[in-house]
Structures are given as structure tokens and as C-alpha cells.
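Here is how the chains run, residue by residue.
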Amino acid sequence: MTTDIESYKKNGFLLLRNFFKKEEVDLILKDAKNIFLKQFVQKKYTEVTILENIKEAEFNAMMYRLFEEDLECLANCGKQAQHLISLHSLSICKSVVELLNAIGLITPIISTRPVLYFNHPKLAKEKVFYKVDAHQDWRSMQGSLNSVVIWLPLIDINKDLGALEIIPGSHLQGLKTNHIDYGFGMVEMTAEEKSKLISVKVKQGDVLIFSSLLIHQSGENITESPRWSCHFRYNDLDDETFKSRKYAHAYIYKPIDTLITPDFPGLQEIEKIFLK
Ligand SMILES: O=C(O)CCC(=O)C(=O)O
């Protein structure tokens with residue numbers, strides 16, 4: 001791993017081929033898709049309850065239909081997908097912790113919850129919801145200086161599907177962002193910087209680990225399919241600056257004040273659960 005570490009320090013990223021078994025990653029994809037499928041069935045878009053029996057194009061068409069007909073439902077499925085047990089399990093598995101140690105994080109800790117994306121222009125009201133322009137994650141994380149992002153594809157992702165684009169070595173320029181947009185620390189790139197962007201083609205099982213200071217952006221998805229990916233973020237409790245900044249924590253997580261479904265639950269619904 002010694003040469004890899006040198007390469008990581010210099011370039012600010014490492015691309016690790018076949019880091020996970022395909023099955024481990026596929027489980028997250030299936031779990032996420034099954035959330036949507038349950039709603040497709042609920043809404044009678046299909047009677048098929050087994051994911052494997054639905055063609056990908058058919059599944060995608062139902063996603064796009066749900067987006068058009070019931071955005072709240074689609075968004076809620078997306079929110080549930082952020083809380084999958086398979087997703088969270090992978091983000092804290094032994095091989096990930098070992099990788100974090102190898103990359104120099106002495107006492108890794110989760111910066112924020114894992115994120116799961118399914119990017120496509122047909123699933124977004126605004127561009128930022130399917131394509132994020134150049135940014136640095138450190139600006140939103142504000143954690144340890146050696147904090148990292150693990151970015152993994154849930155499917156094979158090439159340039160056409162909007163593979164992530166990075167500027168190797170850009171972490172060494174330090175913080176280049178002065179504002180947050182939709183939760184991202186946006187970076188204005190010069191023409192020279194733009195010319196240094198490389199598109200990182202990845203396969204299911206590969207892992208891209210990069211410094212939270214590395215400038216990166218989404219590629220353009222010009223296919224008919226969503227680009228499924230997930231991202232994990234970590235800090236190091238032993239980074240001296242993190243300690244002296246009192247373990248700064250930049251995320252807000254709280255329940256809303258209103259009742260989403262008015263007058264729910266009534267006693268009848270409760271009895272059906274507990275007294276049947
Ligand atoms: O995955 C992407 O294309 C962009 C999102 C991203 O880079 C991030 O969440 O920091």
C-alpha cells in the first residue's frame with residue numbers, strides 16, 4: 001500500500017478496482033430499487049413484485065412516471081433509500097475502516113450519513129439534483145483536514161452515464177470555495193482547471209476514495225438510465241486541527257414540526273397492529 005499512499009497524497013485520490021464484491025454492492029442497488037418497486041405496486045403501475053422479473057427499461061419508465069405523477073412519493077422513496085441497512089453496513093465494514101487507516105486516518109469517524117444517488121435529468125426539477133458542478137466536499141463537511149469521501153458506483157458507470165469528473169492534485173490548492181449552494185461548496189473553475197478534469201470510468205465493485213478537498217463534479221448523464229451511486233464521508237478524530245476546532249460538526253438532522261398525514265394514526269389503525 002506504500003506506493004498507493006504516495007500516489008494518494010500527490011493526486012488526492014485512489015481508484016481501487018474490485019474493492020468490494022459485486023454482490024455486496026448489488027445488494028444496495030436491489031434494496032434501493034425495491035423501495036421504489038413497492039410504491040409502483042401500491043400505485044398499480046405493475047403487478048410484478050419481484051425486481052428480477054422487471055426489465056431495466058420498464059423499471060426506469062416507472063421511475064420517470066412516478067416523478068411526473070407523484071414527486072412527493074418519488075422523493076420519499078429516495079429519502080428511504082438513504083437509510084438502507086445494506087448501505088449503512090457497507091459504509092462501516094472492516095475493509096472500509098482498514099482502507100481509512102491505510103490512507104492515514106488514525107481514528108476514523110463518520111462525518112455524515114451515507115448518500116445514495118440516482119441521477120437523471122428526468123428525475124430532477126433542477127439541474128443540481130442530477131448534475132453537481134465543480135465543488136469541494138470539505139466546505140460542507142468542515143471536519144478533519146484529512147477527511148475523505150468514498151464514492152462507489154452501484155452500477156458500471158462510463159462517461160455517457162455521467163461518471164464523476166475530478167481534478168487530480170487539486171486538493172493541494174486548499175479551500176477554493178467561498179459559498180455553499182444546495183449543500184455543496186461550489187468552486188469557480190478557470191479555463192485551465194476545466195481542462196484538467198478527468199472522467200473516472202468505474203465498474204460495480206470499484207471504489208474511488210478522495211480527499212474532501214479534491215475538486216470534483218458530476219459528468220453529464222446522456223443515457224436513458226439513472227446513474228446509481230453512493231458516497232460515504234469520514235473524518236479523523238486524531239487530526240490536530242479537528243481537535244482544536246472542538247470537533248466542528250456541520251450537519252443538521254432533525255424532525256419536521258408538522259404532522260405529514262393529518263389525523264393519523266387513529267385508534268382503529270393502532271388496534272389493527274396490536275389487537276389483531
Ligand atoms: O456524485 C456526483 O455526481 C456529485 C455528488 C458529489 O460529488 C457529492 O455528493 O459530493
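Everything discussed here concerns the structure shown above.
### Thoughts on the site of the ligand
Right, so step 1: Taken together, Tyr-117, Val-132, His-135, Asp-137, Trp-151, Leu-164, Phe-184, His-216, Ser-218, Arg-227, His-231 and Arg-233 form the complete shell of residues around the ligand.
Right, so step 2: Between the ligand and the protein, one listed contact pairs an oxygen atom with a side-chain N or O atom of Arg-227 at 2.7 Å.
Right, so step 3: In this structure, an oxygen atom belonging to the ligand sits 2.8 Å away from a side-chain N or O atom of Arg-233.
Right, so step 4: For the ligand, whose accessible area on its own is 290 Å², the fraction buried by protein is 100%.
Right, so step 5: Of the residues forming the shell around the ligand, the biggest block, three residues, is contributed by strand E11 (residues 227-236).
Right, so step 6: Here the shell around the ligand is composed, by residue class, of five nonpolar, four polar and three charged.

### Brief notes about the environment of Ser-212
Right, so step 1: Counting through the fold element by element, Ser-212 comes out in the loop between strand E9 (207-211) and strand E10 (216-217).
Right, so step 2: A distance of 2.6 Å separates the side chain of Ser-212 from the side chain of Ser-147, its partner in a polar contact.

### Describing the packing of helix H2 (residues 22-42) against helix H4 (residues 71-81)
Right, so step 1: Orientation of H2 relative to H4, taken along the N-to-C sense of each, is 150 degrees, at an axis distance of 9 Å. The orientation of H2 with respect to H4, classified from their angle, is roughly antiparallel. For the crossing formed where H2 meets H4, the hand is right-handed. Seen from H2, the contacting residues are Ala-32, Ile-35, Phe-36 and Gln-39; seen from H4, they are Cys-73, Leu-74, Cys-77, Gly-78, Gln-80 and Ala-81.
Right, so step 2: Counted by class, the contact of H2 with H4 contains seven nonpolar, three polar and no charged residues.

### Notes on the environment of Lys-159
Right, so step 1: Counting through the fold element by element, Lys-159 comes out in the loop between strand E4 (148-153) and strand E5 (165-166).
Right, so step 2: Among the residues examined, Lys-159 registers a relative accessible area of 56% and is labelled exposed.
Right, so step 3: For the pair Lys-159 and Ala-134, spaced 25 residues apart in sequence, the C-alpha to C-alpha distance is 16 Å.
Right, so step 4: Among residues more than four places away in sequence, those in contact with Lys-159 are Glu-165, Ser-199 and Glu-220.

### What to know about the packing of H2 against helix H3 (residues 56-69)
Right, so step 1: In the contact formed by H2 and H3, the axes pass within 11 Å of each other and the chain directions differ by 65 degrees. Classified by the interaxial angle, the pair formed by H2 and H3 is roughly perpendicular. Of the two elements, H2 crosses H3, and the hand of that crossing is left-handed. Of the residues in H3, those in contact with Lys-33, Phe-36, Leu-37 and Phe-40 of H2 are Glu-56, Phe-59, Met-62, Met-63 and Leu-66.
Right, so step 2: Grouping the amino acids of the contact of H2 with H3 by side-chain chemistry returns seven nonpolar, no polar and two charged.

### Re the packing of aromatic side chains
Right, so step 1: Scanning the entire structure with this criterion turns up eight aromatic pairs.
Right, so step 2: When the ring of Phe-36 is compared with that of Trp-228, the centres are 6.2 Å apart and the planes differ by 80 degrees; the resulting orientation is edge-to-face. One end of the pair, Phe-36, is in helix H2; the other, Trp-228, is in strand E11, with 192 residues separating them in the sequence. No difference in accessibility class separates Phe-36 from Trp-228, as the two residues are buried.
Right, so step 3: When the centroid spacing of 5.5 Å and the interplanar angle of 35 degrees are considered together, the rings of Phe-118 and Trp-228 count as tilted. Of the two residues, Phe-118 sits in strand E2 (residues 108-119) while Trp-228 sits in strand E11, which places them 110 residues apart along the sequence. By the burial criterion, Phe-118 is buried, and Trp-228 matches it.
Right, so step 4: Of the aromatic side chains, those joined through ring pairs into one cluster are Phe-36, Phe-118 and Trp-228.
Right, so step 5: Between the NZ or CZ atom of Arg-65 and the centre of the ring of Tyr-45, over which it lies, the distance is 3.8 Å.

Cut-off values and rules
Residues numbered from 1 in each chain as written. Predicted model: local features only at pLDDT ≥ 70, side-chain atom pairs only at ≥ 80, totals over all residues. Heavy atoms only, no water. Near = heavy atom within 4 Å. Polar contact = N/O pair within 3.5 Å; in protein donor to acceptor, adjacent residues only side chain to side chain. Areas by Shrake-Rupley, 256 points an atom, 1.4 Å probe, with all protein chains shown as cover. Helix = DSSP H or I, 4+ residues; strand = E, 2+ residues; numbered from the N terminus. Nonpolar A, V, L, I, M, F, W, Y, C, P; charged D, E, K, R; others polar. Axes fitted to C-alpha atoms, helices over the stretch in contact; angles between N-to-C directions. Parallel < 35°, antiparallel > 145°, perpendicular 65-115°, else oblique. Left-handed = near helix turned anticlockwise from the far one by under 90°. Contact = heavy atoms within 4.5 Å. Buried < 20%, exposed > 50% of the residue type's maximum accessible area, 1.4 Å probe, protein only. Phe/Tyr/Trp six-rings, centres within 6.5 Å; stacked < 30°, edge-to-face > 60°. Lys NZ or Arg CZ within 6 Å of the ring centre and 35° of its normal.

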